[in-house]
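Here are the chains, one letter per residue:
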Amino acid sequence: MTDIIFRLQENAAGAGGLFGGGNYSMIIIMVVLLVVMYFIMIRPQKKKQQEEQKLRDSVQIGDEITTIGGINGRIVTVKDDSIVIETSSDRTKIKFMRWAIQTNNTANERAAEEKAALDAAKAQEKEEKKSGKRRTKKSDIDDTKK
């Protein structure tokens, strides 16, 4: 048993000698792994948290929101760290902490409307360009006939 352990130690020492200092290569590998983990896991999570905080700070009275518990309602009161929402036609009011806001439905609807308007404007611009090109071609043909 001792002989096997001795042989493993010799092999490990020999392997370190082959790579020119196994300790440095191991440290470099660990540093590279930490950098990769930062860019794959930690950085995107921080960005997501910043966006969520921006969402929670930008809520206004009258916005339709959904809480993390799935409750939908309209904001009635906004304070430093809490909000009050109306949840139904009975005007039931519930107080929540700001961190309980999951989505701002009003802001999402506004963003969708703006995107749709932008898409419509681009489509109209394309149509105008196409029709403008056709007009110039027709006018060129008419000019050559005269």
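Every value quoted in this text rests on a predicted model; they were computed, and no experiment measured them.

Visitor: Any chance you could explain the overall build of the protein chain here in plain terms?
Guide: Counting secondary structure elements, the protein chain contains three helices and five strands. Along the protein chain, helices (α) and strands (β) appear in the sequence α-α-β-β-β-β-β-α when read from the amino end. Every one of the 146 residues in the protein chain was classed for burial, and the buried ones make up 13%. Nonlocal contacts in the protein chain, meaning residues at least 24 apart in sequence, comprise 36% of its contacts between residues at least 6 apart. Approximately 12200 Å² of the protein chain is accessible, and the part contributed by carbon and sulfur atoms is 58%.

Visitor: It is not clear to me how unusual backbone geometry should be interpreted in this structure. Could you clarify?
Guide: Of all residues except glycine, most have a negative phi; of all peptide bonds, most are trans. A positive phi angle, close to 60°, is found at Arg91, a residue other than glycine. In this fold, Arg91 is placed in the loop between strand 3 (82-86) and strand 4 (93-97). With a relative accessible area of 59%, Arg91 lands in the exposed category.

Visitor: Mind showing me how you'd approach the pattern of salt bridges here?
Guide: Any two side chains of opposite charge can pair, on the condition that their charged atoms come close. In total, this model carries two salt bridges according to the counting rule given. A salt bridge links Asp63 to Arg110; its shortest N-O distance comes to 3.2 Å. Here Asp63 is found in the loop between helix 2 (22-57) and strand 1 (64-67), whereas its partner Arg110 is found in helix 3 (residues 105-145), with 47 residues between them in sequence. Judged by relative accessible area, Arg110 falls into the partly exposed class, the value being 40%. With a shortest N-O distance of 2.8 Å, Glu64 and Arg74 are connected by a salt bridge. Highlighted residues: Glu64 in strand 1 and Arg74 in strand 2 (residues 72-78), separated in sequence by 10 residues. You can call Arg74 partly exposed: its relative accessible area is 41%.

Visitor: Any chance you could explain the packing of aromatic side chains here in plain terms?
Guide: Enumeration according to the criterion identifies one aromatic pair in this entry. Centroid distance Tyr38 to Phe39: 5.2 Å. Interplanar angle 80°. Geometry classified as edge-to-face. A relative accessible area of 33% means that Tyr38 is categorised as partly exposed.

Visitor: So what exactly am I meant to see when it comes to the nonpolar core here?
Guide: Inside soluble globular proteins, nonpolar side chains tend to come together where they are buried. Counting eight residues, the largest nonpolar core consists of Val59, Ile65, Ile75, Ile83, Ile85, Phe96, Ala100 and Ile101. Other than its neighbours up to four places away in sequence, Val59 contacts Ile75, Arg98, Ile101 and Asn104.

Each value, and the rule that gives it
Residues numbered from 1 in each chain as written. Predicted model: local features only at pLDDT ≥ 70, side-chain atom pairs only at ≥ 80, totals over all residues. Heavy atoms only, no water. Helix = DSSP H or I, 4+ residues; strand = E, 2+ residues; numbered from the N terminus. Buried < 20%, exposed > 50% of the residue type's maximum accessible area, 1.4 Å probe, protein only. Contact = heavy atoms within 4.5 Å. Areas by Shrake-Rupley, 256 points an atom, 1.4 Å probe, with all protein chains shown as cover. Salt bridge = Lys/Arg side-chain N within 4 Å of Asp/Glu carboxyl O. Phe/Tyr/Trp six-rings, centres within 6.5 Å; stacked < 30°, edge-to-face > 60°. Core = buried A, V, L, I, M, F, W, Y, C linked by side-chain atoms within 4.5 Å.

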